[in-house]
2 protein chains.
Amino acid sequence: MLRADLDQIDIKILRELQADGRMTNVELAARVGISAPPCLRRVRRLEETGIIEGYRTVLNGPMLGLDLVAFCMVGLKHQSDANLKAFSAATTAWPLVRQAWLVNGDSDFLLHCVAENLTTFQNFVIEDLTANEQVDTVRTMLTIRQVKKVGLVDI
Amino acid sequence: MLRADLDQIDIKILRELQADGRMTNVELAARVGISAPPCLRRVRRLEETGIIEGYRTVLNGPMLGLDLVAFCMVGLKHQSDANLKAFSAATTAWPLVRQAWLVNGDSDFLLHCVAENLTTFQNFVIEDLTANEQVDTVRTMLTIRQVKKVGLVDI
DNA sequence: GCTGAAAAGCACAACGG
DNA sequence: CCGTTGTGCTTTTCAGC
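Calculation criteria
Residues numbered from 1 in each chain as written. Chains lettered and ligands numbered in written order. Predicted model: local features only at pLDDT ≥ 70, side-chain atom pairs only at ≥ 80, totals over all residues. Heavy atoms only, no water. Contact = heavy atoms within 4.5 Å. Buried area = accessible area lost by both parts, 1.4 Å probe. Salt bridge = Lys/Arg side-chain N within 4 Å of Asp/Glu carboxyl O. Polar contact = N/O pair within 3.5 Å; in protein donor to acceptor, adjacent residues only side chain to side chain. Helix = DSSP H or I, 4+ residues; strand = E, 2+ residues; numbered from the N terminus. Pairing = 2+ DSSP bridges. Near = heavy atom within 4 Å. Nonpolar A, V, L, I, M, F, W, Y, C, P; charged D, E, K, R; others polar. Buried < 20%, exposed > 50% of the residue type's maximum accessible area, 1.4 Å probe, protein only. Phe/Tyr/Trp six-rings, centres within 6.5 Å; stacked < 30°, edge-to-face > 60°. Lys NZ or Arg CZ within 6 Å of the ring centre and 35° of its normal. Least-squares fit on C-alpha atoms with pLDDT ≥ 70 in both. Axes fitted to C-alpha atoms, helices over the stretch in contact; angles between N-to-C directions. UniProt positions renumbered as here; feature names shortened; annotations may be inferred. Parallel < 35°, antiparallel > 145°, perpendicular 65-115°, else oblique. Left-handed = near helix turned anticlockwise from the far one by under 90°.

**Student:** Just to check I follow, could you spell out the interface of chain B and chain A for this structure?
**Tutor:** Often the size quoted for an interface is simply the accessible area lost on bringing the parts together. Taken residue by residue, the interface counts 65 residues in chain B and 64 residues in chain A. Together, the buried faces of chain B and chain A total about 6700 Å²; carbon and sulfur atoms form 56% of this surface. Together, Arg22(B), Arg56(B) and Lys148(B) form the three largest contributors to the area buried by chain B at its contact with chain A, with a combined 12%. At the junction of chain B and chain A, the tally comes to four salt bridges. One salt bridge connects Arg139(A) with Asp106(B), and the closest N-O pair in it is separated by 2.5 Å. In this structure, the connection of chain B to chain A is made through 39 residue pairs in polar contact (both at pLDDT 80 or more). Elements with a contribution of two residues or more to the side of chain B that touches chain A: helix 1 (8–19), strand 1 (52–59), strand 2 (68–76), helix 4 (81–93), strand 3 (97–103), strand 4 (109–115) and strand 5 (135–149) of chain B. Residue contributions to the side of chain B that touches chain A peak at 10 residues, all from strand 5 of chain B. Looking at chain direction, strand 5 (residues 135–149) of chain A and strand 3 of chain B are connected through five bridges and run antiparallel.

**Student:** Is there a simple way to think about the protein's contact with DNA strand D in this case?
**Tutor:** Neighbouring DNA strand D are 13 residues; Asn25(A), Val26(A), Arg44(A), Ser35(B) and Arg42(B) lie closest to it. In DNA strand D, atoms within 4 Å of the protein come from the sugar-phosphate backbone in 62% of cases. Arg44(A) places a side-chain nitrogen or oxygen 2.7 Å from a phosphate oxygen of DNA strand D. A distance of 2.4 Å separates a phosphate oxygen of DNA strand D from a polar side-chain atom of Arg42(B). Those elements that provide at least two residues to the surface near DNA strand D are helix 2 (25–32) and helix 3 (36–49) of chain A together with helix 3 (36–49) of chain B. Per-element tally for the surface near DNA strand D: the top contributor is helix 3 of chain B, with five residues. Of the residues in the surface near DNA strand D, the class split is six nonpolar, three polar and four charged.

**Student:** Even after reading the chapter, I still don't get the protein's contact with DNA strand C, so can you show me in this structure?
**Tutor:** Taken together, Ser35(A), Pro37(A), Pro38(A), Arg41(A), Arg42(A), Thr24(B), Asn25(B), Val26(B), Pro37(B), Leu40(B) and Arg44(B) are the residues near DNA strand C. Here a phosphate oxygen of DNA strand C and a side-chain polar atom of Arg44(B) are 2.5 Å apart. If you list the elements that add at least two residues to the surface near DNA strand C, you get helix 3 of chain A together with helix 2 (25–32) and helix 3 of chain B. For the surface near DNA strand C, the element with the highest residue contribution is helix 3 of chain A, accounting for four residues. Class assignment of the residues belonging to the surface near DNA strand C gives a composition of five nonpolar, three polar and three charged.

**Student:** Can you walk me through the side chain of Asp10(A) in this structure?
**Tutor:** In this structure, Asp10(A) sits in helix 1 (residues 8–19). By relative accessible area, which is 1% here, Asp10(A) ends up buried.

**Student:** Please clarify how the environment of Asp5(A) should be interpreted in this entry.
**Tutor:** With respect to the helices and strands, Asp5(A) occurs in the segment before helix 1. Its relative accessible area of 51% is what places Asp5(A) among the exposed residues.

**Student:** Is there a simple way to explain the packing of aromatic side chains in this structure?
**Tutor:** Here the distance between the centres and the angle between the planes together describe a pair of aromatic rings. One pass over the structure, following the stated rule, counts 11 aromatic pairs over all chains. Aromatic side chains Phe87(A) and Trp94(A) sit 6.0 Å apart centroid to centroid with 70° between the ring planes, which places their arrangement in the edge-to-face category. Each member of the pair, Phe87(A) together with Trp94(A), is buried. Among the aromatic residues, those joined into a ring-pair cluster are Phe87(A), Trp94(A), Phe109(A), Phe121(A) and Phe124(A). One residue, Arg22(B), lies across the ring of Tyr55(A), its end atom 5.2 Å from the ring centre.

**Student:** What is the right way to look at the relation of the copies chain B and chain A in this model?
**Tutor:** Both copies of the chain are placed relative to one another by a rotation about an axis and a shift along it. Overlay of chain B on chain A (RMSD 0.1 Å): rotation 180°, translation along the axis 0.0 Å. In the structure described here, the two chain copies are related by an operation that fits a two-fold rotation axis.

**Student:** What's the story with the sheet that holds strand 5 of chain A in this structure? I'm lost.
**Tutor:** Adjacent strands of a sheet pair through backbone hydrogen bonds, lying either parallel or antiparallel. Read around the barrel, eight strands follow the order 2(A)-4(A)-3(A)-5(B)-2(B)-4(B)-3(B)-5(A) and close on themselves; strand pairing throughout is antiparallel. Each adjacent strand pair in this sheet contributes to an overall mean axis angle of 35°, direction not counted. The sheet strands contacting helix 4 of chain B are strand 5 of chain A together with strand 2, strand 3, strand 4 and strand 5 of chain B, and the helix crosses strand 5 of chain A at an angle near 85°.

**Student:** In this structure, what is going on with the UniProt feature "domain: HTH asnC-type" (unreviewed entry) in chain A? I would like to understand it.
**Tutor:** When the UniProt feature table is mapped onto this chain numbering, "domain: HTH asnC-type" (unreviewed entry) sits at residues 6–67 of chain A. What you have in residues 6–67 of chain A is 55% helix and 13% strand, and the ends, taken at the C-alpha atoms, are 40 Å apart.

**Student:** Please explain the packing of helix 1 of chain A against helix 2 of chain A as it appears in this structure.
**Tutor:** Geometrically, a packed helix pair is captured by the angle between its two axes and the distance between the axes. Residue and element names in this part refer to chain A. Put simply, helix 1 and helix 2 touch, their axes get as near as 10 Å, and they point 130° apart. Comparing their axes, helix 2 and helix 1 come out oblique. The way helix 1 lies across helix 2 gives a crossing that is right-handed. Contact residues: helix 1 offers Ile9, Lys12, Ile13, Glu16 and Leu17, while helix 2 offers Leu28, Arg31 and Val32. In the contact of helix 1 with helix 2, the residues fall into five nonpolar, no polar and three charged.

Okay, structure coming up:
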């Protein structure tokens, strides 16, 4: 199932659910203009085909004592497939790293990190990241504030 | 309400809801070990205090024809407060930009962008981003693949 | 494909421990 | 604070169109 197989009602459903993932099926059906049972069938199909990957609750980091968001650009010593896989596995194991991308350009990986404070983050960079045997260079961008916080796919 | 005011049951609730934001209250209550009504009261309190910011449905980008994820590091000509605000407003208006951070270091902003393909993205960079009167420098990192896709806050 | 009705399950409020 | 109870709504299935 690809975008070509979605009609306008499916697109509407995805838009509504992105904005409010806990909307009841009855309200969703009313918003997209069909009755509840076919609406639920459409949602289930979108889930089964994988277009809907899941439902997440978004938490407020600062209220939970997570005051630092940073991005790390990491360059590896060697870019062999085995090294890329080994470093990927390492990022998966580090709880500070919330998302990681393999990228092109100057560095090899971009890490999106969240930590309690600067001390926690620096300890991670020194003790885990730069200490990792795959890692050659680390450049860090500390965030001051998030100015756009959308996450909605524009469909 | 801060993290200090959360007990172990609240923490469990947040963990469960992060992983599955559409879990029913009955199932959530069973998982955290209390009955449904007090569980729902806790969830409502977490919502009202803002620790729970909202519920989102996560979609699969490639299945929707969004095959390109990139990060742009943008430097402004002048970093006055008015310029920062003007550029922040611009990022909000661009649908390709899904998240934007004000950062320290070499550049001023980091943009997380999603586009259909390289052509769409290059058009955005040339026609919107570098054409913006605030913008001085743009450095782009195209992603090859996402190796860690968590999003769960480690609490 | 959709609609409509019916049964099962859930959310939510009220009350008592 | 938690738990129990009860009501109304939602979900979900199963007909029929």
